[in-house]
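# A look at the structure
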Amino acid sequence: MANFGPLKIVYSEKFLLHDTGGGDHPETAARLEAIWDSLRNGPLAKSIEVLSPRKVERDLLLSVHSEAYIFRFEEACLSGMEMLGHPDNRISYDSYEVALLSAGASQSGIDFLENMEGSHRVFCCVRPPGHHSEKALALGFCFLNNVAIAAKYWQNAYGRKRIFILDFDAHHGNGIQEIFDEDPNVFYASIHEHPTFSFPGTGYEEDTGSGPGEGATMNIALPPGSTDTQVLRALEEKISQAIDRFQPECIIAAAGFDAHEYDDMSGLAYSTKVYGHIGTHLGAWADSYCEGRLLSILEGGYNLDVLGPCTEIFLGGLCLKM
Ligand SMILES: [Zn+2]
């Protein structure tokens, strides 16, 4: 029997209120329900405690997004519009408030990590997701960049300067890359399906950051059909070396599960169990470089049959006690 350490999940039922209109929109409340169905009935159930999120602080929000964009998003929701800029970005009356809570979940998680003794793992089980949203742009179901906001919070509230972000969603996190493109203190590493074949069409390997941020972006673009072998090689070689060179104080995982072979949002073909290995690597890096300071935030994952098991096995890897 595996032995798991404690796991805090930042969650609120309010995340279910962001209504993407039914029909065939893939980013639905049922995603979070599928995750909880797996967790409640699985081996991690006894290790889990829920933390309540709080709304993102205004100053923190404005350290990532433009005020004009924030107003436009709020206004669109409150005036009953059904989308923000593109039909992918479906909104409802509650979406703005829910997005503030989704973006603020990391504050609760980071406060917990910074104030507790011993090793804990924290997963923000949130929606809407965030990694495609840019400073002033909603894209790919994303409105506020939850991961970028978490990195800023860690820096601003606790003086942790060097943050390493690992994004293993099938899609490139163009928003995170844009926000930290020139920032040498936030390293953005993404493993995704090659942009020639995949949304949003960014994340070429030659993009390595700009100006003072040159060298603090790493894109690993996998061809369609890539399996566990390719993602594990990327983790054990390029990502592992990048973390060692960068010597982070904190790690944030942009945890998307849409590279699974049964998730038709990408052409990647990972197994369920590979997410356990990703979790184990992240946990080990966090313990060796960052005294356990690791926060994971849900991004994509749309096949409701595999999203729960993939998330559970990932969290099991994170929490595994060797
Ligand atoms: Zn994705």
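See the structure printed just above.
Scoring rules and cut-offs
Residues numbered from 1 in each chain as written. Predicted model: local features only at pLDDT ≥ 70, side-chain atom pairs only at ≥ 80, totals over all residues. Heavy atoms only, no water. Phe/Tyr/Trp six-rings, centres within 6.5 Å; stacked < 30°, edge-to-face > 60°. Buried < 20%, exposed > 50% of the residue type's maximum accessible area, 1.4 Å probe, protein only. Lys NZ or Arg CZ within 6 Å of the ring centre and 35° of its normal. Donors = N, O, S within 2.8 Å, 3.2 Å for Na, K, Ca; no water. Helix = DSSP H or I, 4+ residues; strand = E, 2+ residues; numbered from the N terminus. Expected span 1.5 Å × (residues − 1).

A few words now on the packing of aromatic side chains. Per the counting criterion, the structure on display carries 16 aromatic pairs. Centroid distance Y270 to Y275: 6.1 Å. Interplanar angle 50 degrees. Geometry classified as tilted. Among the residues examined, Y270 registers a relative accessible area of 0% and is labelled buried. Put simply, the rings of F168, F257, Y270, Y275 and F314 pair up and form one aromatic cluster. Directly above the ring of F71 sits R58, whose terminal nitrogen or CZ lies 5.4 Å from the centroid. Over the ring of F246 we find R162, and its NZ or CZ is 4.0 Å from the ring centre.

Surrounding the zinc ion are the protein donor atoms D169 (OD), H171 (ND1) and D258 (OD), which sit 2.0 to 2.1 Å from the metal. Taken in sequence order, the residues that donate to the zinc ion follow the motif D-x1-H-x86-D. Within this pair, whereas H171 is found in the loop between strand 6 (163-167) and helix 6 (174-180), its partner D258 is found in the loop between strand 9 (250-255) and helix 8 (274-290), the two being separated by 87 residues in sequence. Residues H171 and D258 agree in their burial class; the two are buried.

A few words on helix 5 (residues 146-158). In this model, helix 5 (13 residues) spans 18 Å end to end at C-alpha, consistent with the 18 Å of a helix rising 1.5 Å per residue. With respect to burial, helix 5 is a largely interior element, 10 of its 13 residues being buried. Along helix 5, the positions that sit buried rather than exposed are N146, V147, A148, I149, A150, A151, K152, Y153, W154 and Q155. Note on helix 5: the residue one or two positions beyond its end, G159, has a positive phi of about 65 degrees.

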